[in-house]
Amino acid sequence: MLFVPLSFLVALFLAVFLVRLLREGRDSWGTHGLFLALVAIHLIQSLLVGLRWGYGLTAVLPILPVMASLVPALSFLAFRDLAGERPGIAVADWPHALPALVTFLLLVFWRAPVDLIIIANFLGYGAGLLWLARLGPDGLIAARLDGAWRSYRALQLTGLALIASALTDVAISLDMLWSGGRYSPMVVSAATTLILLLLGIGAVTAGQEEAGEGETPDDGHGFETPDAPTDIPASTKSATEDHRRLAADLDRLMTEKRLWADSDLNLARLARRLGMPARAVSEAVNRVHGISVSHYVNNHRIAEACRLLTDTDMPITRILFEAGFITKSNFNREFRRVTGENPSDWRRCALPPPP
(Lines give C-alpha, C1' and ligand atoms only; values in the text may rest on other atoms or scores of the structure.)
Protein backbone atom coordinates (compact mmCIF):
# COMPACT_ATOMS: atom_id res chain seq x y z
CA MET A 1 0.00 0.00 0.00
CA LEU A 2 1.27 3.46 -0.89
CA PHE A 3 2.65 5.27 2.16
CA VAL A 4 1.61 8.93 2.43
CA PRO A 5 3.32 10.90 5.22
CA LEU A 6 1.02 12.89 7.50
CA SER A 7 2.91 16.06 6.61
CA PHE A 8 1.79 15.60 2.99
CA LEU A 9 -1.82 15.74 4.17
CA VAL A 10 -0.99 18.94 6.08
CA ALA A 11 0.51 20.32 2.86
CA LEU A 12 -2.68 19.45 0.98
CA PHE A 13 -4.76 21.21 3.64
CA LEU A 14 -2.59 24.33 3.37
CA ALA A 15 -2.63 24.21 -0.45
CA VAL A 16 -6.44 24.29 -0.49
CA PHE A 17 -6.56 27.38 1.69
CA LEU A 18 -3.71 29.04 -0.20
CA VAL A 19 -5.68 28.67 -3.43
CA ARG A 20 -8.77 30.12 -1.72
CA LEU A 21 -6.78 33.14 -0.56
CA LEU A 22 -5.22 33.61 -3.99
CA ARG A 23 -8.64 33.56 -5.61
CA GLU A 24 -9.55 36.70 -3.69
CA GLY A 25 -7.76 38.60 -6.46
CA ARG A 26 -4.78 40.89 -6.80
CA ASP A 27 -6.47 43.78 -5.01
CA SER A 28 -6.67 41.79 -1.80
CA TRP A 29 -3.16 40.33 -2.03
CA GLY A 30 -1.66 43.56 -0.77
CA THR A 31 -3.70 43.44 2.42
CA HIS A 32 -2.63 39.93 3.38
CA GLY A 33 0.40 39.28 1.16
CA LEU A 34 2.62 38.36 4.11
CA PHE A 35 0.09 35.76 5.25
CA LEU A 36 0.04 34.32 1.73
CA ALA A 37 3.83 34.03 1.82
CA LEU A 38 3.64 32.46 5.27
CA VAL A 39 1.14 29.80 4.19
CA ALA A 40 3.27 29.05 1.12
CA ILE A 41 6.38 28.56 3.27
CA HIS A 42 4.47 26.25 5.65
CA LEU A 43 3.25 24.25 2.64
CA ILE A 44 6.78 23.82 1.25
CA GLN A 45 8.11 22.92 4.69
CA SER A 46 5.44 20.26 5.12
CA LEU A 47 6.42 18.70 1.80
CA LEU A 48 10.12 18.75 2.72
CA VAL A 49 9.43 17.20 6.14
CA GLY A 50 7.46 14.43 4.46
CA LEU A 51 10.28 13.76 1.99
CA ARG A 52 12.89 13.67 4.76
CA TRP A 53 11.14 11.72 7.52
CA GLY A 54 8.63 9.84 5.39
CA TYR A 55 10.87 8.67 2.57
CA GLY A 56 14.34 9.21 4.06
CA LEU A 57 15.43 11.75 1.45
CA THR A 58 18.47 13.38 3.04
CA ALA A 59 19.12 15.79 0.16
CA VAL A 60 16.52 18.18 1.62
CA LEU A 61 18.30 18.46 4.98
CA PRO A 62 20.23 21.68 4.17
CA ILE A 63 17.04 23.38 3.01
CA LEU A 64 14.97 22.67 6.13
CA PRO A 65 16.90 24.90 8.59
CA VAL A 66 16.89 27.87 6.21
CA MET A 67 13.16 27.49 5.51
CA ALA A 68 12.49 27.14 9.23
CA SER A 69 14.45 30.28 10.03
CA LEU A 70 12.18 32.33 7.75
CA VAL A 71 8.99 31.41 9.60
CA PRO A 72 9.36 33.35 12.90
CA ALA A 73 10.31 36.69 11.35
CA LEU A 74 7.65 36.46 8.64
CA SER A 75 5.02 35.50 11.23
CA PHE A 76 5.96 38.51 13.36
CA LEU A 77 5.92 40.92 10.40
CA ALA A 78 2.54 39.62 9.20
CA PHE A 79 0.84 40.13 12.55
CA ARG A 80 2.69 43.38 13.14
CA ASP A 81 0.89 44.70 10.06
CA LEU A 82 -2.40 44.17 11.89
CA ALA A 83 -1.06 46.02 14.93
CA GLY A 84 -0.05 49.15 13.01
CA GLU A 85 -1.21 51.44 10.25
CA ARG A 86 1.82 50.91 7.98
CA PRO A 87 1.39 47.69 5.97
CA GLY A 88 4.08 45.68 4.26
CA ILE A 89 7.84 45.51 4.70
CA ALA A 90 10.10 48.56 4.66
CA VAL A 91 13.86 48.93 4.26
CA ALA A 92 14.10 49.48 8.02
CA ASP A 93 12.92 45.88 8.52
CA TRP A 94 16.15 44.42 7.13
CA PRO A 95 17.28 43.10 10.59
CA HIS A 96 14.48 40.56 10.40
CA ALA A 97 16.35 38.88 7.54
CA LEU A 98 19.40 38.26 9.72
CA PRO A 99 18.26 34.96 11.32
CA ALA A 100 17.81 33.32 7.90
CA LEU A 101 21.06 34.79 6.60
CA VAL A 102 23.02 33.73 9.68
CA THR A 103 21.52 30.23 9.49
CA PHE A 104 22.53 29.91 5.83
CA LEU A 105 26.11 31.10 6.49
CA LEU A 106 26.50 28.77 9.47
CA LEU A 107 25.32 25.81 7.39
CA VAL A 108 28.09 26.62 4.92
CA PHE A 109 30.93 27.44 7.28
CA TRP A 110 30.15 26.18 10.82
CA ARG A 111 27.26 23.78 11.32
CA ALA A 112 27.55 23.34 15.11
CA PRO A 113 25.61 26.40 16.40
CA VAL A 114 22.78 26.23 13.86
CA ASP A 115 20.36 24.50 16.23
CA LEU A 116 20.96 27.07 18.96
CA ILE A 117 20.38 29.93 16.52
CA ILE A 118 17.08 28.40 15.36
CA ILE A 119 15.92 27.79 18.95
CA ALA A 120 16.72 31.39 19.91
CA ASN A 121 14.99 32.61 16.72
CA PHE A 122 11.75 30.77 17.48
CA LEU A 123 11.77 31.68 21.17
CA GLY A 124 12.47 35.34 20.50
CA TYR A 125 9.80 35.84 17.88
CA GLY A 126 7.30 33.67 19.77
CA ALA A 127 7.76 35.94 22.78
CA GLY A 128 7.46 38.96 20.48
CA LEU A 129 4.11 37.76 19.16
CA LEU A 130 2.79 37.14 22.65
CA TRP A 131 3.94 40.64 23.55
CA LEU A 132 1.89 41.97 20.62
CA ALA A 133 -1.08 40.05 22.03
CA ARG A 134 -0.83 41.70 25.46
CA LEU A 135 -3.29 44.45 24.49
CA GLY A 136 -6.01 42.03 23.42
CA PRO A 137 -7.86 42.23 20.09
CA ASP A 138 -7.88 46.04 20.25
CA GLY A 139 -4.12 45.92 19.79
CA LEU A 140 -4.70 44.78 16.19
CA ILE A 141 -5.81 48.24 15.12
CA ALA A 142 -5.58 47.46 11.38
CA ALA A 143 -7.60 44.24 11.60
CA ARG A 144 -11.18 44.31 10.39
CA LEU A 145 -13.46 44.55 13.41
CA ASP A 146 -15.70 41.93 11.82
CA GLY A 147 -13.10 39.25 12.52
CA ALA A 148 -10.68 40.87 14.97
CA TRP A 149 -11.19 38.17 17.60
CA ARG A 150 -10.24 35.34 15.22
CA SER A 151 -7.17 37.27 14.09
CA TYR A 152 -6.27 37.77 17.74
CA ARG A 153 -6.69 34.03 18.46
CA ALA A 154 -4.47 33.30 15.45
CA LEU A 155 -1.84 35.67 16.86
CA GLN A 156 -1.87 33.85 20.20
CA LEU A 157 -1.76 30.44 18.51
CA THR A 158 1.20 31.40 16.33
CA GLY A 159 3.20 32.78 19.26
CA LEU A 160 2.61 29.64 21.33
CA ALA A 161 3.40 27.37 18.36
CA LEU A 162 6.74 29.11 17.79
CA ILE A 163 7.68 28.66 21.43
CA ALA A 164 6.53 25.01 21.32
CA SER A 165 8.74 24.47 18.28
CA ALA A 166 11.75 25.85 20.15
CA LEU A 167 11.04 23.61 23.15
CA THR A 168 10.74 20.63 20.79
CA ASP A 169 14.21 21.36 19.46
CA VAL A 170 15.47 21.48 23.03
CA ALA A 171 13.89 18.06 23.69
CA ILE A 172 15.55 16.65 20.58
CA SER A 173 18.92 17.99 21.68
CA LEU A 174 18.49 16.36 25.10
CA ASP A 175 17.51 13.08 23.42
CA MET A 176 20.68 13.22 21.33
CA LEU A 177 22.69 13.80 24.49
CA TRP A 178 21.08 11.15 26.70
CA SER A 179 20.03 8.36 24.33
CA GLY A 180 22.02 8.98 21.20
CA GLY A 181 18.98 10.23 19.28
CA ARG A 182 16.91 7.06 19.64
CA TYR A 183 13.60 8.93 19.70
CA SER A 184 14.56 11.97 17.64
CA PRO A 185 13.16 10.84 14.25
CA MET A 186 9.75 10.12 15.77
CA VAL A 187 9.73 13.39 17.73
CA VAL A 188 10.88 15.45 14.74
CA SER A 189 8.32 13.97 12.36
CA ALA A 190 5.32 14.17 14.72
CA ALA A 191 6.12 17.48 16.41
CA THR A 192 7.17 19.27 13.22
CA THR A 193 4.02 18.16 11.41
CA LEU A 194 1.79 19.25 14.28
CA ILE A 195 3.54 22.60 14.71
CA LEU A 196 3.44 23.29 10.96
CA LEU A 197 -0.28 22.53 11.04
CA LEU A 198 -0.82 24.94 13.96
CA LEU A 199 1.26 27.65 12.34
CA GLY A 200 -0.55 27.11 9.05
CA ILE A 201 -3.94 27.36 10.75
CA GLY A 202 -2.84 30.60 12.40
CA ALA A 203 -1.68 32.11 9.10
CA VAL A 204 -4.75 30.87 7.21
CA THR A 205 -7.16 32.14 9.87
CA ALA A 206 -5.66 35.62 10.00
CA GLY A 207 -5.33 35.76 6.22
CA GLN A 208 -8.94 34.73 5.70
CA GLU A 209 -10.23 37.27 8.20
CA GLU A 210 -8.40 40.12 6.49
CA ALA A 211 -9.46 38.87 3.06
CA GLY A 212 -13.10 38.68 4.08
CA GLU A 213 -14.06 35.29 4.32
CA GLY A 214 -18.75 33.17 25.00
CA GLU A 215 -20.76 35.47 27.03
CA THR A 216 -23.96 34.63 28.81
CA PRO A 217 -26.93 35.44 26.56
CA ASP A 218 -29.88 37.58 27.60
CA ASP A 219 -33.13 36.02 28.66
CA GLY A 220 -35.21 38.18 26.34
CA HIS A 221 -34.85 39.78 22.94
CA GLY A 222 -33.65 43.16 24.16
CA PHE A 223 -30.31 44.25 22.75
CA GLU A 224 -27.85 44.27 25.62
CA THR A 225 -24.16 44.96 25.75
CA PRO A 226 -22.44 41.77 26.90
CA ASP A 227 -20.00 41.58 29.75
CA ALA A 228 -16.35 42.25 29.14
CA PRO A 229 -14.55 39.27 27.61
CA THR A 230 -11.73 37.81 29.58
CA ASP A 231 -9.10 38.56 26.93
CA ILE A 232 -9.31 42.31 27.49
CA PRO A 233 -6.56 43.34 29.88
CA ALA A 234 -8.19 44.22 33.19
CA SER A 235 -7.94 47.88 34.15
CA THR A 236 -7.57 48.90 37.75
CA LYS A 237 -8.76 52.44 36.98
CA SER A 238 -12.32 53.61 36.49
CA ALA A 239 -13.45 55.67 33.53
CA THR A 240 -12.45 59.32 33.70
CA GLU A 241 -14.41 62.24 32.35
CA ASP A 242 -12.16 62.23 29.27
CA HIS A 243 -12.98 58.56 28.70
CA ARG A 244 -16.71 59.21 29.01
CA ARG A 245 -16.51 62.21 26.67
CA LEU A 246 -14.59 60.23 24.04
CA ALA A 247 -16.97 57.28 24.36
CA ALA A 248 -19.95 59.63 23.91
CA ASP A 249 -18.34 61.13 20.79
CA LEU A 250 -17.86 57.62 19.43
CA ASP A 251 -21.46 56.66 20.23
CA ARG A 252 -22.70 59.74 18.40
CA LEU A 253 -20.45 59.06 15.42
CA MET A 254 -21.57 55.44 15.20
CA THR A 255 -25.25 56.41 15.38
CA GLU A 256 -25.24 59.44 13.08
CA LYS A 257 -22.70 58.25 10.49
CA ARG A 258 -23.53 54.53 10.69
CA LEU A 259 -19.83 53.69 10.62
CA TRP A 260 -20.60 50.12 11.61
CA ALA A 261 -21.98 49.56 8.09
CA ASP A 262 -18.43 49.76 6.70
CA SER A 263 -17.36 46.10 6.49
CA ASP A 264 -13.68 47.13 6.33
CA LEU A 265 -13.90 49.25 9.48
CA ASN A 266 -10.99 48.89 11.90
CA LEU A 267 -9.80 50.63 15.02
CA ALA A 268 -7.32 52.76 13.09
CA ARG A 269 -10.13 54.22 10.94
CA LEU A 270 -12.28 54.92 13.98
CA ALA A 271 -9.38 56.72 15.65
CA ARG A 272 -8.76 58.85 12.58
CA ARG A 273 -12.44 59.86 12.42
CA LEU A 274 -12.27 60.93 16.06
CA GLY A 275 -8.88 62.58 15.69
CA MET A 276 -7.54 60.56 18.61
CA PRO A 277 -4.87 57.86 19.06
CA ALA A 278 -6.14 54.32 18.58
CA ARG A 279 -5.06 53.37 22.09
CA ALA A 280 -7.11 56.22 23.58
CA VAL A 281 -10.23 55.07 21.72
CA SER A 282 -9.69 51.49 22.81
CA GLU A 283 -9.16 52.50 26.43
CA ALA A 284 -12.30 54.65 26.45
CA VAL A 285 -14.45 51.82 25.09
CA ASN A 286 -12.91 49.27 27.46
CA ARG A 287 -13.47 51.42 30.56
CA VAL A 288 -16.85 52.94 29.72
CA HIS A 289 -18.55 49.98 28.04
CA GLY A 290 -16.45 47.16 29.50
CA ILE A 291 -15.94 45.44 26.13
CA SER A 292 -13.45 45.45 23.27
CA VAL A 293 -13.85 47.78 20.30
CA SER A 294 -14.60 44.84 18.02
CA HIS A 295 -17.46 43.71 20.29
CA TYR A 296 -18.66 47.32 20.60
CA VAL A 297 -18.91 47.76 16.82
CA ASN A 298 -20.34 44.31 16.23
CA ASN A 299 -22.99 44.99 18.89
CA HIS A 300 -24.20 47.91 16.74
CA ARG A 301 -24.19 45.62 13.71
CA ILE A 302 -26.20 42.95 15.48
CA ALA A 303 -28.71 45.57 16.67
CA GLU A 304 -29.23 46.56 13.04
CA ALA A 305 -29.49 42.91 12.01
CA CYS A 306 -32.16 42.35 14.67
CA ARG A 307 -34.11 45.35 13.37
CA LEU A 308 -33.96 44.08 9.80
CA LEU A 309 -34.94 40.57 10.85
CA THR A 310 -37.99 41.94 12.69
CA ASP A 311 -39.13 44.75 10.38
CA THR A 312 -38.36 43.30 6.93
CA ASP A 313 -38.58 40.05 5.02
CA MET A 314 -35.04 40.54 3.72
CA PRO A 315 -33.13 37.24 3.45
CA ILE A 316 -30.53 36.61 6.13
CA THR A 317 -27.74 36.36 3.56
CA ARG A 318 -28.46 39.97 2.57
CA ILE A 319 -28.99 41.20 6.13
CA LEU A 320 -25.49 40.17 7.19
CA PHE A 321 -24.00 42.40 4.46
CA GLU A 322 -26.37 45.26 5.27
CA ALA A 323 -25.26 45.05 8.90
CA GLY A 324 -21.58 45.37 7.98
CA PHE A 325 -20.43 41.74 8.10
CA ILE A 326 -18.55 39.99 5.33
CA THR A 327 -18.74 36.32 6.25
CA LYS A 328 -21.68 34.25 7.40
CA SER A 329 -19.57 32.48 10.03
CA ASN A 330 -18.62 35.75 11.75
CA PHE A 331 -22.18 37.03 11.55
CA ASN A 332 -23.63 33.86 13.10
CA ARG A 333 -20.99 33.79 15.83
CA GLU A 334 -21.51 37.42 16.81
CA PHE A 335 -25.30 37.12 16.59
CA ARG A 336 -25.26 34.16 18.97
CA ARG A 337 -22.82 35.97 21.28
CA VAL A 338 -25.21 38.91 21.69
CA THR A 339 -28.64 37.26 21.52
CA GLY A 340 -27.97 33.65 22.46
CA GLU A 341 -29.79 32.49 19.31
CA ASN A 342 -29.09 32.07 15.63
CA PRO A 343 -30.67 34.58 13.21
CA SER A 344 -33.37 32.19 11.96
CA ASP A 345 -34.59 31.39 15.46
CA TRP A 346 -34.54 35.08 16.37
CA ARG A 347 -36.74 35.98 13.40
CA ARG A 348 -39.13 33.12 14.10
CA CYS A 349 -39.58 34.19 17.76
CA ALA A 350 -39.68 37.94 17.08
CA LEU A 351 -42.34 37.89 14.35
CA PRO A 352 -45.97 37.66 15.45
CA PRO A 353 -47.73 34.38 14.63
CA PRO A 354 -49.87 34.40 11.48
CA PRO A 355 -53.59 35.00 12.07
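Residues numbered from 1 in each chain as written. Predicted model: local features only at pLDDT ≥ 70, side-chain atom pairs only at ≥ 80, totals over all residues. Heavy atoms only, no water.

### Thoughts on the side chain of Asp138
- Tracing the sequence through the fold places Asp138 in the loop between helix H5 (114-132) and helix H6 (148-179).
- For the buried Asp138, no salt bridge is present, and the opposite-charge side chain at shortest range is Arg279, 5.8 Å distant.
- Every residue in contact with Asp138, bar those within four places of it in the chain, is listed here: Leu267, Ser282, Asn286, Ser292, Val293 and Ser294. (Helix = DSSP H or I, 4+ residues; strand = E, 2+ residues; numbered from the N terminus. Buried < 20%, exposed > 50% of the residue type's maximum accessible area, 1.4 Å probe, protein only. Lys, Arg positive; Asp, Glu negative; His and termini not counted. Salt bridge = Lys/Arg side-chain N within 4 Å of Asp/Glu carboxyl O. Contact = heavy atoms within 4.5 Å.)

### Some thoughts on the nonpolar core
- If you look at the biggest cluster of nonpolar residues, it comprises 35 residues, and the most contacted ones within it are Phe79, Leu129 and Leu155.
- Secondary-structure elements contributing two or more residues to this core are helix H2 (26-55), helix H3 (63-82), H5 and H6.
- For Leu155, the residues in contact, after removing those within four places along its chain, are Phe79, Leu129, Leu132, Ala133 and Leu140.
- Formed by 22 residues, the second largest nonpolar core is a distinct cluster that contains Leu253, Leu259, Val285 and Ile291. (Core = buried A, V, L, I, M, F, W, Y, C linked by side-chain atoms within 4.5 Å.)

### Description of the packing of helix H11 (residues 293-311) against helix H14 (residues 343-350)
- Interaxial distance between H11 and H14 falls to 9 Å at its minimum, and their mutual angle equals 50°. If you check the angle between H11 and H14, you find them oblique. The way H11 lies across H14 gives a crossing that is right-handed. Only Pro343, Trp346, Arg347 and Ala350 of H14 make contact with H11, whose side of the interface consists of Cys306, Leu308, Leu309 and Thr310.
- Tallied by class, the residues present in the contact of H11 with H14 amount to six nonpolar, one polar and one charged. (Axes fitted to C-alpha atoms, helices over the stretch in contact; angles between N-to-C directions. Parallel < 35°, antiparallel > 145°, perpendicular 65-115°, else oblique. Left-handed = near helix turned anticlockwise from the far one by under 90°. Nonpolar A, V, L, I, M, F, W, Y, C, P; charged D, E, K, R; others polar.)

### Concerning the confidence of the model for the chain
- Per-residue confidence for the chain gives a mean pLDDT of 78; residues scoring 70 or more make up 74%.
- Element-level mean pLDDT values for the chain span from 55 in helix H7 (residues 184-211) up to 93 in H11.
- Across residues 208-236 the pLDDT falls below 50, and counting only partners more than four positions away or on other chains, this stretch makes 76 contacts in the model. (pLDDT = per-residue confidence, 0-100.)

### Looking at the environment of Arg318
- Mapped onto the elements of the fold, Arg318 is located in helix H12 (residues 316-322).
- Arg318 sits 10 residues away from Leu308 along the chain, and the two C-alpha atoms are 10.0 Å apart.

### Thoughts on helix H8 (residues 241-257)
- Between its first and last C-alpha, H8 extends 24 Å over 17 residues, near the 24 Å set by a 1.5 Å rise per residue.
- Inspection of H8 places His243, Leu246, Ala247, Leu250, Leu253 and Met254 among the buried residues, and these make up the whole buried set. In an axial view of H8, the angular spread of the buried residues amounts to 120°, which keeps them on one side of the axis. For H8, exposure combined with an orientation more than 90 degrees from the buried face picks out Thr255 and Glu256. (Expected span 1.5 Å × (residues − 1). Arc of directions from axis to C-beta.)

### What about the packing of aromatic side chains?
- Evaluated as defined, the whole model comprises six aromatic pairs.
- Aromatic pair Phe76 and Tyr125: ring centres 5.8 Å apart, planes at 55°, arrangement tilted. Highlighted residues: Phe76 in helix H3 and Tyr125 in helix H5, separated in sequence by 49 residues.
- When its relative accessible area of 16% is taken as the criterion, Phe76 is described as buried.
- Residue class for Tyr125 comes out buried when judged on its relative accessible area of 13%.
- With a centroid separation of 5.4 Å and an interplanar angle of 65°, the aromatic rings of Phe325 and Phe331 are classed as edge-to-face.
- The exposure class assigned to Phe325 is buried, which follows from its relative accessible area of 1%.
- Assessed through its relative accessible area of 0%, Phe331 is described here as buried.
- In this structure, Arg301 packs its charged tip against the face of Phe325, placed 5.7 Å from the ring centre. (Phe/Tyr/Trp six-rings, centres within 6.5 Å; stacked < 30°, edge-to-face > 60°. Lys NZ or Arg CZ within 6 Å of the ring centre and 35° of its normal.)

### Let's talk about unusual backbone geometry
- Backbone geometry at Arg258 places phi at a positive 50°, although glycine is not the residue there.
- Position of Arg258 relative to the elements: it lies in the loop between H8 and helix H9 (267-274).
- Judged by its relative accessible area of 39%, Arg258 falls in the partly exposed class.

### Describing a nonpolar patch on the surface
- On the surface, a cluster of nonpolar side chains totalling about 980 Å² of accessible area is made up of Trp94, Leu98, Leu101, Val102, Phe104, Leu105, Val108, Phe109 and Trp110.
- For Val108, the location among the structural elements is in helix H4 (residues 98-109). (Patch = residues over 30% accessible without salt bridge, like charges linked within 9 Å, V, L, I, M, F, W, Y side chains within 5 Å. Areas by Shrake-Rupley, 256 points an atom, 1.4 Å probe, with all protein chains shown as cover.)

### Notes on the pattern of salt bridges
- Evaluated as defined, the whole model comprises 12 salt bridges.
- When the shortest N-O distance is used, the salt bridge between Asp93 and Arg80 registers 2.8 Å. Here the residue Asp93 occupies a position in the loop between H3 and H4, and Arg80 occupies one in helix H3, the gap between them amounting to 13 residues.
- With a relative accessible area of 8%, Asp93 lands in the buried category.
- What makes Arg80 buried here is its relative accessible area of 18%.
- A salt bridge links Arg287 to Glu283, with the nearest nitrogen and oxygen atoms 3.7 Å apart. Note that Arg287 and Glu283 are positioned in helix H10 (residues 278-289) at a spacing of four residues, about one turn of the helix.
- Given the relative accessible area of 21%, Arg287 is considered partly exposed.
- Glu283 sits in the partly exposed class, given a relative accessible area of 26%.

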